[in-house]
Protein chains: 2
Amino acid sequence: MLSRNQVSFIRSLADRKQRQKYHKFIAEGDKVVREALQAWPDRALSVIADPSRFDARDYALPPGCAWVDTDKSTMEKISQVSTPPGILVVLRFPDTPPLSAGTTRLLYLDAIRDPGNLGTIIRTADWFGVHDLVLGPGTVEWANPKVVQAAMGSLFRVRLHAGTLVDLASGSSPFIPVVADMEGEALDSFRWPEKTCLVLGNESHGISPDLRMSDALKVTIPKRREGAAESLNVSIASGILLNAWTLQDIV
Amino acid sequence: MLSRNQVSFIRSLADRKQRQKYHKFIAEGDKVVREALQAWPDRALSVIADPSRFDARDYALPPGCAWVDTDKSTMEKISQVSTPPGILVVLRFPDTPPLSAGTTRLLYLDAIRDPGNLGTIIRTADWFGVHDLVLGPGTVEWANPKVVQAAMGSLFRVRLHAGTLVDLASGSSPFIPVVADMEGEALDSFRWPEKTCLVLGNESHGISPDLRMSDALKVTIPKRREGAAESLNVSIASGILLNAWTLQDIV
């Protein structure tokens, strides 16, 4: 069983300040817990589960990771989702990673505010093999429970970097910024630079004015003749762009 | 001001049963209200707004649509979203529409459960000019407030039909079903039939077994060599498929 202090500590991780202070967060659900144990064995601190539904013997627990059986009502107290799945893992933040060796693709997220969007973009990037993401200033915290939920296990497979557009546009970076913008070159004739950093902007305001006014390359997903929506959701745009950008990997 | 009965009626529209009984629902936010008034002038029954923020003279109210000034605390009572935008419109359900004249593209949604996904798919279809959507059994109700919010004004520009996969596969439909499936032909070499009904499946279970086992055409968005996510979110898949499918409209 969890002690009262443990319950209160895990509950406190629903709060961003606490997560940032202790560099810990939780991920919930059977599949996600399994993926965390596999991908981050040295960062999994403990698995907490309702023994009427989950059995420690079914899991490959890494050394040093505790298993704690906990009754349903305590699980409901410590869960951060509306339908508690009955199992969660407490994780330590990863160290700030270096870029993946030999990577030619970066994805830069400029003030993405909606946690569902960030999580979905992480999942989508993982599908398309783009594993280095830069979270620019104003982007929602990646350890937010809604990000963790939407990213599913992909959160443990990408490398999340901090950075600014100024770093990116400074000329010292080998990556050429390509900005997703309403007024750019049509995606289907666009030629991607060999080392590209694709920049996606904020849901309401688009790309920061700094970069929009620069001479950065711009790419657009053209609206169709009969189309009328004012814009695409940023995670939808990320999927269409990532698909086109990484196509050369499969041909 | 709203009467107590009016407040209670509008609040009751947060409940699906009430919406279905009265064939009414609400849409919130300045932009969405403007789009509803423009696209559905004969279905807009009343606009309810906080006069400290919104002025009736700034809106083109269709004949028969009332404007009701309401204080902030009442707006908070009748709002269905977490941050009430201070303006909403009460709308009558549309009549069951016929297919758009001359349409060659249908999108069939097979038990899409998440309202955010359905709303985002509607918005994306509207961007790509696919305006006929069939909501199969088990799909979340389109008048759900989270659908309305995610669809933005696109909800008023698409035609939502009811239907089943049996109708679709019966042979009497001129549309050829193309199922988005993990094991199909790669999107980039796929040749779309002239009259296609693209079928998207449930978030967890995919396409209904009926159609998966039939000899329907299947299309796949290939995972990349370095990719590891188990699947794509269904709204992300819809964006990538719609982009490829409608490309011929712009070339």
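Residues numbered from 1 in each chain as written. Chains lettered and ligands numbered in written order. Predicted model: local features only at pLDDT ≥ 70, side-chain atom pairs only at ≥ 80, totals over all residues.

Any chance you could explain the overall build of chain A here in plain terms?
Per the secondary structure count, chain A includes 9 helices and 10 strands. Expected size for 251 residues packed as a compact globule is a radius of gyration near 18 Å; at 20 Å, chain A falls within 12% of this value. Reported as C-alpha extents along the three principal axes, the dimensions of chain A are approximately 60 × 40 × 35 Å. Across the 251 residues in chain A, those meeting the buried criterion constitute 44%. Considering only intrachain contacts with a sequence separation of at least 6, the fraction spanning at least 24 residues in chain A is 75%. (Helix = DSSP H or I, 4+ residues; strand = E, 2+ residues; numbered from the N terminus. Rg over C-alpha atoms; globule rule 2.2 N^0.38 Å. Buried ≥ 20, exposed ≤ 12 C-beta atoms within 10 Å, placed from the backbone. Contact = placed C-beta atoms within 7 Å.)

Looking at this structure, how should I read the sheet that holds strand S5 (residues 105-109) of chain A?
Two strands in a sheet stick together by hydrogen bonds in their backbones, pointing the same way (parallel) or opposite ways (antiparallel). Residue and element names in this part refer to chain A. Judged by pairing direction, the sheet is parallel, and its 6 strands sit side by side in the order S7-S6-S5-S9-S8-S10 without closing on themselves. Edge positions in the sheet fall to strand S7 (159-162) and strand S10 (217-220), since each has one partner strand and no second. When the angles between neighbouring strand axes are averaged without regard to direction, this sheet yields 35°. (Pairing = 2+ DSSP bridges. Axes fitted to C-alpha atoms, helices over the stretch in contact; angles between N-to-C directions.)

Explain the relation of the copies chain A and chain B to me, please; I cannot follow it from the model alone.
Copy one and copy two of the chain differ by a rotation about an axis and a translation along that axis. In the superposition of chain A on chain B (RMSD 0.0 Å, axial shift 0.0 Å), the rotation amounts to 180°. The transformation relating the two chain copies, once decomposed into turn and shift, fits a two-fold axis. Residue by residue, 100% of the interface of chain A is reproduced at the interface of chain B, so both copies engage with the same surface. (Least-squares fit on C-alpha atoms with pLDDT ≥ 70 in both.)

What's the story with helix H3 (residues 30-39) of chain B in this structure? I'm lost.
Two residues of an α-helix separated by three or four positions point the same way, owing to the 3.6 residues in each turn. Burial in H3(B) covers these residues: Val32(B), Val33(B), Glu35(B), Ala36(B) and Leu37(B). If you follow the buried residues of H3(B), they end up packed against strand S1 (24-28), strand S2 (44-49) and strand S4 (87-92) of chain B.

Explain the environment of Cys197(B) here, please?
When you line up the elements, Cys197(B) lands in strand S9 (residues 196-200). Cys197(B) gets classed as buried once you count the C-beta atoms within 10 Å, which come to 24.

Any chance you could explain the pairing of strand S5 (residues 105-109) of chain B here in plain terms?
Along a regular strand, successive side chains alternate from one face of the sheet to the other. All names here are of chain B. Counting buried residues along S5, 5 of its 5 residues qualify, which places the element largely inside the surrounding structure. Residues Arg-105, Leu-107 and Leu-109 line one face of S5 and the alternating positions Leu-106 and Tyr-108 line the opposite face, and both faces are buried. Bridging between S5 and S9 involves 5 bridges; their strand directions are parallel. Directly across from Leu-109, in S9, lies its bridge partner Leu-200.

Before we go on, may I ask you to explain the sheet that holds S5(B) in this structure?
All names here are of chain B. Pairing in this open sheet of 6 strands is parallel, and the strands run S7-S6-S5-S9-S8-S10 from one edge to the other. In the strand order of this sheet, the two ends are held by strand S7 (159-162) and strand S10 (217-220), each with one partner. Across this sheet, the average inter-strand angle for adjacent strands is 35°, counted without regard to direction. By the bridge criterion, 3 bridges tie S5 to strand S6 (residues 132-135) in an arrangement that is parallel. Of the residues in S6, the one forming a bridge with Leu-107 is Leu-133. Lying on the sheet, helix H9 (residues 234-245) is in contact with strand S8 (176-186), S9 and S10; it crosses S9 at an angle near 160°.

How should the pairing of S4(B) be read in this particular structure?
Residue and element names in this part refer to chain B. In terms of residue burial, S4 counts as a mostly covered element, since 5 of its 6 residues are buried. Pairing between S2 and S4: 5 bridges, direction antiparallel. Bridging across to S4, Ile-48 finds its partner in Leu-88.

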